[in-house]
Amino acid sequence: MSHKPKIHSLHSLHEGLVERFVFKATDEMMQSFVKISGDINPLHTDVNFATSRGFDGVVVYGGILVAQISRMVGMHLPGRDALWSSLNIYFAHPLLVGQTAELEARVEHISEATSSIEFKFKITSQGKKLAKGSAGVQILKPDGQ
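The structure presented is a predicted model; accordingly, all values stated were derived computationally and were not measured.

Just checking my understanding: could you explain the pattern of salt bridges for this structure?
A side chain of one charge can pair with a side chain of the opposite charge when the charged atoms of the two come close. All told, the structure shown has 4 salt bridges when counted by the stated rule. For lysine 6, the salt bridge identified is with glutamate 19, shortest N-O distance 2.8 Å. Here the residue lysine 6 occupies a position in the segment before strand 1 (18–24), and glutamate 19 occupies one in strand 1, the gap between them amounting to 13 residues. Arginine 80 serves as the salt-bridge partner of aspartate 81, at 3.0 Å between the closest nitrogen and oxygen. Of the residues examined, aspartate 81 reaches a relative accessible area of 15% and is grouped as buried.

Would you explain a positive patch on the surface in this entry?
Taken together, the side chains of Lys120, Lys122, Lys129 and Lys132 present a region of like positive charge at the surface. Taken together, the elements giving at least two residues each to the positive patch come down to strand 4 (116–125) and strand 5 (128–139). With respect to the helices, strands and loops of the structure, lysine 120 is situated in strand 4.

Is there a simple way to explain the sheet that holds strand 1 in this structure?
Across a sheet, strands are paired by hydrogen bonds formed along the backbone, either parallel or antiparallel in direction. Taken in spatial order, the 5 strands make up an open sheet running 1-3-4-5-2, and their pairing is antiparallel. The open sheet terminates on both sides in strands that have one partner only, identified here as strand 1 and strand 2 (82–91). Recorded for the sheet is a direction-independent mean angle of 20° between the axes of neighbouring strands. For strand 1 and strand 3 (residues 100–111), the ladder comprises 7 bridges, and the chain directions are antiparallel. Across the sheet, residue valine 22 finds its bridge partner in strand 3, namely glutamate 102. Strands in contact with helix 4 (residues 62–76) are strand 1, strand 2, strand 3, strand 4 and strand 5; relative to strand 2, the strand with the most contacts, it is inclined by about 145°.

What am I meant to see in the side chain of serine 111 here?
Structurally, serine 111 is set in strand 3. In this view, serine 111 contacts Leu10 and Ser116; residues no more than four positions away in its chain are not counted.

Looking at this structure, I do not really get the packing of aromatic side chains. What am I missing?
Think of a pair of aromatic rings as described by two things: how far the centres are apart, and how the planes are tilted against each other in angle. Applying the stated criterion to the full structure yields 2 aromatic pairs. Ring centres of phenylalanine 33 and tyrosine 61 lie 4.6 Å apart, and the angle between their planes is 35°; this geometry places the pair in the tilted category. Within this pair, whereas phenylalanine 33 is found in helix 1 (residues 27–37), its partner tyrosine 61 is found in the loop between helix 3 (47–52) and helix 4, the two being separated by 28 residues in sequence. Against the face of phenylalanine 21 rests arginine 71, its NZ or CZ located 3.9 Å from the ring centre.

Would you explain the side chain of serine 115 in this entry?
Following the sequence through the fold, serine 115 ends up in the loop between strand 3 and strand 4. When residues no more than four places from it in sequence are discounted, the contact partners of serine 115 are Leu10, Val137, Gln138 and Ile139.

Before we go on, may I ask you to explain the nonpolar core in this structure?
If you look at soluble globular proteins, the nonpolar side chains tend to sit buried side by side. Counting residues in hydrophobic clusters, the biggest one holds 31 residues, and the most contacted among them are Phe23, Leu77, Leu95, Leu103, Ile117, Phe119 and Ile123. If you list the elements that add at least two residues to this core, you get strand 1, helix 4, strand 3, strand 4 and strand 5. Apart from the residues within four sequence positions on either side, phenylalanine 23 is in contact with Leu65, Gln68, Arg71, Leu95, Gln99, Thr100, Ala101, Glu102, Leu103 and Ile123.

Please clarify how the environment of leucine 95 should be interpreted in this entry.
Note that leucine 95 resides in the loop between strand 2 and strand 3. The exposure class of leucine 95 is buried, given its relative accessible area of 1%. With 35 residues separating them in the primary sequence, leucine 95 and leucine 130 have C-alpha atoms 6.9 Å apart.

Each value, and the rule that gives it
- Residues numbered from 1 in each chain as written.
- Predicted model: local features only at pLDDT ≥ 70, side-chain atom pairs only at ≥ 80, totals over all residues.
- Heavy atoms only, no water.
- Salt bridge = Lys/Arg side-chain N within 4 Å of Asp/Glu carboxyl O.
- Helix = DSSP H or I, 4+ residues; strand = E, 2+ residues; numbered from the N terminus.
- Buried < 20%, exposed > 50% of the residue type's maximum accessible area, 1.4 Å probe, protein only.
- Patch = residues over 30% accessible without salt bridge, like charges linked within 9 Å, V, L, I, M, F, W, Y side chains within 5 Å.
- Areas by Shrake-Rupley, 256 points an atom, 1.4 Å probe, with all protein chains shown as cover.
- Lys, Arg positive; Asp, Glu negative; His and termini not counted.
- Charge placed at Lys NZ, Arg CZ, Asp CG, Glu CD.
- Pairing = 2+ DSSP bridges.
- Axes fitted to C-alpha atoms, helices over the stretch in contact; angles between N-to-C directions.
- Contact = heavy atoms within 4.5 Å.
- Phe/Tyr/Trp six-rings, centres within 6.5 Å; stacked < 30°, edge-to-face > 60°.
- Lys NZ or Arg CZ within 6 Å of the ring centre and 35° of its normal.
- Core = buried A, V, L, I, M, F, W, Y, C linked by side-chain atoms within 4.5 Å.

Listed below in structure tokens is the structure:
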């Protein structure tokens, strides 16, 4: 994982630009999310409970997928000068702990008047679309501009 965010200015972006990365949902992520959220629903914490409800394992918190969208905004698209303004997300299928997924975002609209972009995204794993939606992001001007 890159530790320095990309720096996209409004003028370096174009409609159709795609950014993507792969991530793996880990036990460590799940434990950290429990600490942050206080959500101890057994669907997310107890493999026996999750399998008794028809899942093949513990279901990853939707908030962890949202955190990956935050990573996209702050690190990749547009990166350093981003201020996230909106999110619309639809969850279609669950991600299970230990599975790898890909987040892909595509610039759909650029507004010079508001110095903002909208991108559509999808999260996929093993050929299934897990989630899709859109995000709005304002691009802040660097100091002195």
